[in-house]
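# Structure assessment
The lines below spell out each chain.
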Amino acid sequence: MLRDWKERLRARSRRVRRKIELMRLRRIRKKRTPKYTHCKNCGTTLEGMYCHRCGQYALDVEQPFWKYVRQYFENVYQFDTKIGRTLWYMFTRPGFLTAEFNAGKINSYVHPFRLYMCISVVFFAVFFMLVGERAGDFNALTDGRLRRSIVEQVKQSGNRDGEQADTTVYLYQVPGLVKTLKLRFGVEDADSLVRFQPVDDLYGLARTTLPRLLVDSCFKQTDILPQDWDYIRKVRALKNLNIENWIDGKDYGPDNAAAIRAFRVDSIRTGNDSLVLQPQKVYIWTDDVKKDAEADTLQKEQFTNDIIAGLSKWTPFYMMFLLPLFAAMLKLFYARKRMPYMWHFVHAIHLNTVFLILICIPLVPLFAYGIDDLVAAGQTLNTVQLNSLRITLTGFPVALFLYMLVSFRTVYRQGWVKTTVKAVLFYVLFSAIASLLAATLLIWLLAAEAEAI
């Protein structure tokens, strides 16, 4: 049986090579003649579509626009009929393209470096564009004092009985609460469930109407901040709170006026029979009250955006640095083969191109489920989503290793046992080095941004 299996593989390999030779002959026999007889650049008589003296392509200046676009991709990226064939053999026959390149058969496929550069440009552009859109999710990852069981009760009671927000309190950082309910707990109607009127700025104290269950179970009473108490007293001293006015350079309107007017202030007599104004208790849903919540939120957003910008700048250089390192390790592992370094480098390019394409699979849940759900250890994912996530994250490194194993076997022609041992050692060692370099880059970016802030 083993002999029959090997014979079928050899027959399949012979069929593939005959097909490649047939396509190469068709390409050579394809008749393409220029529209003019002499090169328009140097005047040399043309014998084909390219001038043998200066190399200029015999371009037809009267051709339609779409042909210009097609020729651009053919000339710059070699993305004509080669791209489909190159990608097909890259995934169906690991290591085959490297062996073909090392054998001198270059023109039948897209050049390895051009393919890698094009795919890496598209990958990093799309990846960091999507990550930039998700950057705001990082700022809503903290639950604060919210408990998932309580939020689920609020969602179920609201859906079953039509319960609406029925309790009004004064609460700090309400926009953050709404965002966390949406992103972390999946409350789609968070805007209608939590309604608020800010006293001063949007991120400070606000008159908030929401379900009592949240107030009783997840909030904590605290004292009002001195600056908010001074602001309320100063505004309440005005005779008319319904008109727009300027208080300490800040404009407030009807919502602010309604929140300030409804704020309860008690008059308490002290021991010397003097009246003292006592503000009502306010609430917080986080662990602490930020003195400048708006500035803190903006600072977090700026920090996150700067980190993403730094990663988008340095990650391509990091990947380019890994290519010669990958090739150097291949040359070290297969030193007895006495292959030129360039052969190992082409192999490294092909393997890293496959890596960039395959890594899109585990990245799908990142944008399908949200960064916040994944960081929350799957707390908001259902069973199907969790299972698909586990299969994806587990299957990606396994698939990558199996591809590398077959590629090593195809390119270096060693036995399966020796190839497997080398592949395992190479996979573990290179992954450790790449992870260490990535961690160093990330720590450096974090330290640089922290110092700038």
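Here goes a summary of the coordinates provided. (Residues numbered from 1 in each chain as written. Predicted model: local features only at pLDDT ≥ 70, side-chain atom pairs only at ≥ 80, totals over all residues. Heavy atoms only, no water.)

### Overview of the overall build of the chain
Quick reminder of the rule: A run of H or I in DSSP becomes a helix once it reaches four residues, and a run of E becomes a strand once it reaches two; helices and strands are each numbered from the N terminus. Only protein chains enter the accessibility calculation, which uses a 1.4 Å probe; a residue whose area is less than 20% of its type maximum is buried, one above 50% is exposed, and one in between is partly exposed. The contact definition used throughout considers only heavy atoms, calling two residues in contact when any of these lie within 4.5 Å. Exposure was quantified through the Shrake-Rupley algorithm and a 1.4 Å probe, taking into account, for residues, occlusion by the shown protein chains and nothing else.
Within the chain one finds 17 helices and 9 strands. For the chain, buried positions account for 39% of its 453 residues. Sequence separation of 24 or more characterises 69% of the internal contacts of the chain that already satisfy a separation of 6 or more. Summed over its atoms, the accessible surface of the chain is roughly 26500 Å², and 58% of this surface lies on carbon and sulfur atoms.

### Quick look at a nonpolar patch on the surface
The cut-off we apply is this: Put simply, a patch holds well-exposed residues, over 30% relative accessible area, that have no salt bridge, with like charges counted together within 9 Å and Val, Leu, Ile, Met, Phe, Trp or Tyr side chains within 5 Å. What counts as a salt bridge is simple: a side-chain nitrogen of Lys or Arg found within 4 Å of a carboxyl oxygen of Asp or Glu.
A contiguous nonpolar surface patch, about 210 Å² in accessible area, is contributed by Phe113, Met117 and Met320. Look at Met117 and you get partly exposed, because its relative accessible area is 31%.

### Regarding helix α10 (residues 226-236)
Worth spelling out the cut-off: As used here, the arc is the angular range of directions from the helix axis to the C-beta atoms.
Restricting attention to buried positions, one finds in α10 the residues Asp228, Trp229, Tyr231, Ile232 and Val235. An end-on view of α10 places all buried positions within 160° of arc, on one side of the element.

### A look at the pattern of salt bridges
Charged atoms that come close allow side chains of opposite charge to pair. Taken as a whole and judged by the stated rule, the model has 4 salt bridges. Between Arg212 and Asp216 there is a salt bridge; the shortest N-O distance is 4.0 Å. Highlighted residues: Arg212 and Asp216, both in helix α9 (residues 212-218), separated by 4 residues, approximately one helical turn. Here Arg212 falls in the partly exposed class, since its relative accessible area comes to 45%. Under the relative-accessibility criterion, Asp216 is labelled exposed at 52%. The partner of Arg233 in a salt bridge is Asp230, and the shortest N-O contact between them spans 2.6 Å. Of the two residues, Arg233 and Asp230 both sit in helix α10, 3 residues apart, roughly one turn of that helix. Look at Arg233 and you get partly exposed, because its relative accessible area is 40%.

### So, the environment of Lys182
In this fold, Lys182 is placed in helix α7 (residues 174-183). Not counting chain neighbours up to four residues away, the residues in contact with Lys182 comprise Val187, Ala190 and Asp191.

### Digging into the environment of Thr37
Locating Thr37 in the fold gives a position in the loop between α1 (2-29) and α2 (65-76). Each C-alpha atom of the pair Thr37 and Gly48 lies 9.3 Å from the other, and the pair is 11 residues apart in sequence. Apart from residues no more than four positions distant in its own chain, Thr37 is found in contact with Thr44, Thr45 and Leu46.

### Remarks on the side chain of Ser120
What counts is decided by this rule: For this analysis, a polar contact is any N or O atom pair within 3.5 Å, provided that within protein one partner can donate a hydrogen and the other can accept it, and provided that sequence-adjacent residues contribute only side-chain to side-chain pairs.
Within the fold, Ser120 resides in helix α5 (residues 112-134). When its relative accessible area of 7% is taken as the criterion, Ser120 is described as buried. Reaching out from Ser120, the side chain makes a polar contact with the backbone oxygen of Met117 at a distance of 2.9 Å.

### Comments concerning the packing of aromatic side chains
Filter applied, for reference: Note on ring pairs: Phe, Tyr and Trp rings are taken, using the six-membered ring of Trp, and paired if centres are within 6.5 Å. Classes follow the plane angle, with under 30 degrees stacked, over 60 edge-to-face and the rest tilted.
Under the defined criterion, the tally for this structure stands at 18 aromatic pairs. Measuring from centroid to centroid gives 5.6 Å for Trp314 and Trp444, while their planes differ by 85°, and the two rings are edge-to-face. Placement of Trp314 in helix α12 (residues 293-333) and of Trp444 in helix α17 (residues 416-452) is noted, with a sequence separation of 130 residues between them. For Trp314, a relative accessible area of 32% puts it in the partly exposed group. The exposure class assigned to Trp444 is partly exposed, which follows from its relative accessible area of 45%.

### Focus: unusual backbone geometry
We note that Arg338 has phi near 55°; this positive angle belongs to a residue other than glycine. Here Arg338 lies in the loop between α12 and α13 (341-358). Accessibility expressed as a relative area gives 74% for Arg338, which makes it exposed. Look at Arg413: it is not a glycine, yet its phi comes out positive at around 55°.

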